[in-house]
Every structure is written in C-alpha cells, then in structure tokens.
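Breakdown of the fold
Chain by chain, the residues run as shown.
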There are 2 protein chains.
Amino acid sequence: MEYIKLVGELLREKREEKGMLLRHVSAKLDIDTAILSKIERSERKASREQILKLAEVLDLNKEDLFVQYLSEKILFEIKDEELGAKALKVAEQQITYINKKKNER
Amino acid sequence: MEYIKLVGELLREKREEKGMLLRHVSAKLDIDTAILSKIERSERKASREQILKLAEVLDLNKEDLFVQYLSEKILFEIKDEELGAKALKVAEQQITYINKKKNER
DNA sequence: AATATATTTGACAAATACTGTCAAGTCAAA
DNA sequence: TTTGACTTGACAGTATTTGTCAAATATATT
C-alpha cells in the first residue's frame, strides 16, 4: 500500500511549487493566513468551500482533492476506534445498497 | 445486498421485545425519555457511551451494535456527497495502510 | 366515550465545538 | 540585526450538540 499524502501536505507542496505565499492564497479565500497555515499543517480542517476554492487557486484536480478531503474526514471520525476498519466495510456495503436503491427509482 | 437495520430500529425492536418502556431504558442511561425516543427514530444520534450502555441494558451484542453505530456516523458524514463512495474506498485503503504500519511497530 | 399511560414534539438553556481575528513569537535569509 | 514568512495561542462570536421540560398526540383500558 502506497503512502498517500494528507490534504494539507498537498496544499503546501502545490503552493510552494507555484511560488505563492500564504498571504496570496489566504487572500483569495478571504481568511487569515493563520488559518491557512493551520490547514496546511493539518492542525485544522478546511471547510468544503475552502477545499474547492483551494483546488481552483492552486490548480489542483478538484475531484481528487475533494475525495481525499472527504476520506480524511471519515478517518477522523473513526481514528480512535478499534472497530473503525470493520465499520468502514459495513458503511461501504450500505452505501452500495443505498446507491443501488437510488438507481432503481 | 441485504437491508441492514438502523441502530434506532434495532434499539426499539429489542426494547419492545423485552417489554420495556422508554422510561425504563432512559432511566438506566440517565437521560430524558424524549432523547431516547429521538434516538430510536433516528432523529438524534446517540453518543458512544449511550450506545455501549444501551447494548448492555438491552442485551444486544456490543460489538455489532457499535460497528453499526460507527458505520452510520460515517455514512452521515458523506450522505450528501456525490463522491462519498469513492471517498469510502480511499479511506479503506488508507486505514489498511495505517494499521499495517501500526503492526510493524 | 372517557381516562390513563406511553410516546412524540418543539421551545428553551447550557455546554461544547467551530471559525475566524489579532498580535506576539519563532525562524531563516539577506 | 533587520526583514519577511510563517506559527502560535488567546480571544470573540457563532453554530451545533445535548439535555430538560411541558404540551400535544397516540395508544390502551375501562
């Protein structure tokens, strides 16, 4: 299993690659640099809107970034749980079932 | 894929099966009947502690109930998201990776 | 039908978590 | 040693959660 970067790491890498400063990017999101700094270091979670805006500003693939963002939210939910992996499997079965039902309609 | 009951449904079924009233069970949890009523109808989420206590009081398999409870929490997190199923798959890959690393230590 | 009991509902309060600002602090480069 | 970029933590405002209570509704029994 390969290592997958945290959203924050992706954001920082891409920002630096583009030679942008925290202040440049945070201005586009209309937030303080402090918050962006924390997001990049995974000290805070971005909001849905912030992630989508960040993808735009930094030319990151919106879908990929958002999927990784959602995944981290899920993992956060179960991070302290012994039974997290089991719960994930069950959730996947159930979402499959739910989506199947959606298609039937 | 078989239909899997909601935690609330399980709780209500088992409570009724045992001939207990909301008041009997809610007393054991030290909460108002109103809250238990809402939990059983999935209008509110139980806390981790409440779920574990409910398993005890109602003689439900603690692990099964808790896994189902966690699963619902996960699904709630992504319920409005187009990309939820994708995110779940990624989360599963990542938790596998994380747990593998844990075992290496 | 009238009463009694069980459950549901929604308004409210208190506690907790979230989101952002600001100013002071650290760190590295010039 | 000054400058600029980033980090840190205290703080305020807001939103969400968690529970209580009393009134409304539903279900049972007489």
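That block above? That's the structure.
What you are looking at is a predicted structure, and each value in this text was computed from that prediction instead of being measured.

What counts, and at which threshold
Residues numbered from 1 in each chain as written. Chains lettered and ligands numbered in written order. Predicted model: local features only at pLDDT ≥ 70, side-chain atom pairs only at ≥ 80, totals over all residues. Heavy atoms only, no water. Near = heavy atom within 4 Å. Polar contact = N/O pair within 3.5 Å; in protein donor to acceptor, adjacent residues only side chain to side chain. Helix = DSSP H or I, 4+ residues; strand = E, 2+ residues; numbered from the N terminus. Nonpolar A, V, L, I, M, F, W, Y, C, P; charged D, E, K, R; others polar.

It is worth spelling out the protein's contact with DNA strand D at this point. In the neighbourhood of DNA strand D, 17 residues make up the surrounding shell, with Arg12, Arg23, Ser37 and Arg41 of chain A together with Asp32 of chain B lying closest. Protein-proximal atoms of DNA strand D, defined as those within 4 Å of the protein, fall in sugar or phosphate at a share of 60%. Within the contact set of DNA strand D, a phosphate oxygen lies 2.6 Å away from a side-chain nitrogen or oxygen of Ser37 of chain A. Arg41 of chain A places a polar side-chain atom, nitrogen or oxygen, 2.4 Å from a phosphate oxygen of DNA strand D. Of all the secondary structure elements, the ones that give two or more residues to the surface near DNA strand D are helix H1 (7-17), helix H2 (22-29) and helix H3 (33-40) of chain A together with helix H3 (33-40) of chain B. In terms of residue count, H3 of chain A provides more of the surface near DNA strand D than any other element does, four residues in total. Taken together, the residues of the surface near DNA strand D sort by class into six nonpolar, three polar and eight charged.

So, on to the protein's contact with DNA strand C. Surveying the vicinity of DNA strand C reveals 17 residues, the closest of which are Asp32 of chain A together with Arg12, Arg23, Ser37 and Arg41 of chain B. For DNA strand C, the backbone portion of the atoms within 4 Å of the protein, that is sugar and phosphate, comes to 64%. Asp32 of chain A has a polar backbone atom sitting 2.6 Å from a phosphate oxygen of DNA strand C. At 3.0 Å, a side-chain N or O of Arg15 of chain B approaches a phosphate oxygen of DNA strand C. Of all the secondary-structure elements, those providing two or more residues to the surface near DNA strand C are H3 of chain A together with helix H1 (7-17), helix H2 (22-29) and H3 of chain B. Counting residues per element, the surface near DNA strand C draws most heavily on H3 of chain B, which supplies four residues.

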